[in-house]
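Single-letter residue listing:
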Amino acid sequence: MPYKIGLVGKPSVGKSTFFNAATMNDIDEGAYPFTTIDPSIGEAYVRVQCAAPDFGESCDPRVGFCNEGTRYVPAKLVDVAGLIPGAHEGKGLGNKFLTDLNEADVLIHIVDFSGKTDIEGEPTENHDPREDIDFLEEELDMWYLEILEKGIDRFEGKHNQQDVKLEEELAEQMSAFKTNKNEIKQIILRLGMELDPDTWDEDDRKELAREIRKETKPMVIAANKMDTEEAQENYEKISEDPEYEHLDFIPSSAHAEKALKKAEEQGVVHYHPGDETFEIVEDLPEEKEEGLEQIREFMEEYGGTGVQKALESALFDALGVMAVFPGGADGLGDEKGNILPDVFLLEENSTAEDFAFTIHSDIGEGFLHAIDCRDNRQIGADHELENRDVIEIVSANQ
Ligand SMILES: Nc1nc2c(ncn2[C@@H]2O[C@H](COP(=O)(O)OP(=O)(O)OP(=O)(O)O)[C@@H](O)[C@H]2O)c(=O)[nH]1
Ligand SMILES: [Mg+2]
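Below or above, wherever it landed, is the structure these notes cover.

Rules used in this analysis
- Residues numbered from 1 in each chain as written.
- Chains lettered and ligands numbered in written order.
- Predicted model: local features only at pLDDT ≥ 70, side-chain atom pairs only at ≥ 80, totals over all residues.
- Heavy atoms only, no water.
- Helix = DSSP H or I, 4+ residues; strand = E, 2+ residues; numbered from the N terminus.
- Expected span 1.5 Å × (residues − 1).
- Bend = angle between axes of the 7 residues up to and from the residue.
- Buried < 20%, exposed > 50% of the residue type's maximum accessible area, 1.4 Å probe, protein only.
- Near = heavy atom within 4 Å.
- Polar contact = N/O pair within 3.5 Å; in protein donor to acceptor, adjacent residues only side chain to side chain.
- Areas by Shrake-Rupley, 256 points an atom, 1.4 Å probe, with all protein chains shown as cover.
- Nonpolar A, V, L, I, M, F, W, Y, C, P; charged D, E, K, R; others polar.
- Salt bridge = Lys/Arg side-chain N within 4 Å of Asp/Glu carboxyl O.
- Core = buried A, V, L, I, M, F, W, Y, C linked by side-chain atoms within 4.5 Å.
- Contact = heavy atoms within 4.5 Å.
- Pairing = 2+ DSSP bridges.
- Axes fitted to C-alpha atoms, helices over the stretch in contact; angles between N-to-C directions.
- Patch = residues over 30% accessible without salt bridge, like charges linked within 9 Å, V, L, I, M, F, W, Y side chains within 5 Å.
- Lys, Arg positive; Asp, Glu negative; His and termini not counted.
- Charge placed at Lys NZ, Arg CZ, Asp CG, Glu CD.
- Phe/Tyr/Trp six-rings, centres within 6.5 Å; stacked < 30°, edge-to-face > 60°.

### Examining helix α10 (residues 307-319)
Argument step 1. For α10, which comprises 13 residues, the first-to-last C-alpha distance of 17 Å matches the rise-based estimate of 18 Å (1.5 Å per residue) to within 8%.
Argument step 2. Taken as a whole, α10 carries its principal kink of about 35° at S313.
Argument step 3. For α10, the set of buried residues is V307, Q308, A310, L311, E312, S313, A314 and L315.
Argument step 4. Phi turns positive one or two residues past the end of α10, at G320, with a value near 75°.

Structure, rendered in structure tokens:
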């Protein structure tokens, strides 16, 4: 299953624009709340340094593409409806949003840094983006808390039965969040709480819900609409605010990314998504050239449009995945001679055997050993892989 990145935020922050820029789709964007109602899923790409050049080869990707040693690997992106305070009680589009969101393994919180939309996404002036950052986390926590409370009730209802374990009941109730009993138990103990909900007060419950949310829905923040002066001023202020020091903001402009991709399609510029700048390759009317030069100024200041960076930060930093290439000790080509056609994204600390199961369950079932193609060393089932490893799996089921 490919990883899914979800876009969250209040209405009108630019989620759909970001989605369109990253996936080259054309879903509705609008300066009014709840432009989006039904979720869209599209294919975006994250960059991985290709392993083929390390072997003096160039690759033939089956999916995605490779550009001068930078491999663009597909990842799913989900755009959902906006969320407003009180969503967990059904405000706005309410729980529908939350259910759609559960599809995602990791979130990008898109925040309108220009301050030109209020907390419900209606036009205004001088809105403080910090309010948006706080409310979204709170809203997600309340959603988790509600489900956690149901789990606690479920446990208490079975209290007199033998062999009922708290962590099992909670994990069962919260299974839609892709958690499990071990994770829940670890979080409870890490918080210094007892495995007995009778000893928990309201704050304990809330803190537990928050920690489970953080663990199961890691998140990065994209400071969007950074092409506007107001957003740049807010960014200066907020990045110096000690209360927000623990968060990493990725300055972004979904507008700029979309404009550059369109210009690339029209053959007007050379731009590789994620690059810090671009090249104009055609004579343009003055107005159009000026528009592009403004985008360039912004990109040079912030190191690109931020769209690609946000996607990669979500997957590689927040979720912590790595890229592993299936290869062969006798050469990197498959049966048709294609060089390193595949690359898989796996959780950090995955083993050679996990990798075999990711390729195919049959290959995993028949796992004998693996070979690290960089030094032709044989490795065992439990050997932990590293980012950009090239691995041959030797399986009885090949
Ligand atoms: N200046 C600027 N405006 C942007 C940017 N991204 C989006 N917008 C504008 O913000 C408005 C809202 O954009 P959408 O993409 O529809 O926002 P959304 O978050 O999907 O909104 P809902 O679907 O209603 O939740 C539109 O007018 C966009 O043109 C950006 O990077 N810079
Ligand atoms: Mg939208």
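### What to know about the site of ligand 1
Argument step 1. Neighbouring ligand 1 are 23 residues; K15, T17, G30, F34 and D227 lie closest to it.
Argument step 2. G82 has a polar backbone atom sitting 3.4 Å from an oxygen atom of ligand 1.
Argument step 3. Note that a nitrogen atom of ligand 1 is positioned 2.8 Å from one of the side-chain N or O atoms of D227.
Argument step 4. Protein contacts shield 90% of the accessible area of ligand 1, which totals 660 Å² for the unbound molecule.
Argument step 5. At the level of elements, α1 (15-23) and α8 (254-265) are the ones that each hand at least two residues to the shell around ligand 1.
Argument step 6. Its residues assigned to classes, the shell around ligand 1 shows seven nonpolar, 12 polar and four charged.

### Structural notes on the pattern of salt bridges
Argument step 1. Tallied over the entire structure, the rule returns 29 salt bridges.
Argument step 2. Ionic pairing is found between E137 and R213, a salt bridge with its closest N-O pair at 3.4 Å. Highlighted residues: E137 in helix α3 (residues 129-157) and R213 in helix α6 (residues 202-216), separated in sequence by 76 residues. No difference in accessibility class separates E137 from R213, as the two residues are buried.
Argument step 3. Notably, a salt bridge pairs R377 with D372, separated by 3.6 Å at the nearest N-O pair.
Argument step 4. What makes R377 partly exposed here is its relative accessible area of 41%.
Argument step 5. Among the ionic contacts, a cluster of salt bridges with common partners joins E137, D141, R210 and R213.

### Details of the nonpolar core
Argument step 1. I5, F18, L77, I108, L311, L315 and L340 are the most contacted members of the largest nonpolar core, which totals 40 residues.
Argument step 2. Those elements that provide at least two residues to this core are β1 (4-8), α1, β2 (40-49), β4 (70-79), β5 (106-112), β6 (219-224), α10 and β10 (321-326).
Argument step 3. Ignoring anything within four residues of it in the chain, the contact list for L311 reads I5, F18, A22, A44, Y45, V46, L77 and I108.
Argument step 4. Counting 34 residues, the second-largest nonpolar core is a separate cluster that includes V78, W143, I152 and I212.

### Here's the deal with the sheet that holds strand β13 (residues 377-379)
Argument step 1. The sheet built from five strands is open, its strands ordered β11-β10-β14-β12-β13 with mixed pairing. Only two strands of the sheet have a single partner each, and these edge strands are β11 (344-347) and β13. Looking at each pair of strands side by side, their axes are set apart by 40° on average, direction ignored.
Argument step 2. When strand β12 (residues 367-372) meets β13, the two strands line up antiparallel, connected through three bridges. Bridge assignment links I371 to a residue of β13, and that residue is Q378.

### Observations concerning a negative patch on the surface
Argument step 1. On the surface, E229, E233, E236, E240, E276, E297, E300 and E301 cluster together into a patch of negative charge.
Argument step 2. For the negative patch, the elements supplying multiple residues, two or more each, are α7 (229-239) and α9 (286-302).
Argument step 3. With relative accessibility at 60%, the residue E229 sits in the exposed group.

### Let's talk about the packing of aromatic side chains
Argument step 1. This structure, assessed with the given rule, holds 10 aromatic pairs.
Argument step 2. Arranged with centres 4.6 Å apart and planes meeting at 10°, the rings of F65 and Y72 form a pair that is stacked.
Argument step 3. Given a relative accessible area of 4%, Y72 falls into the buried group.

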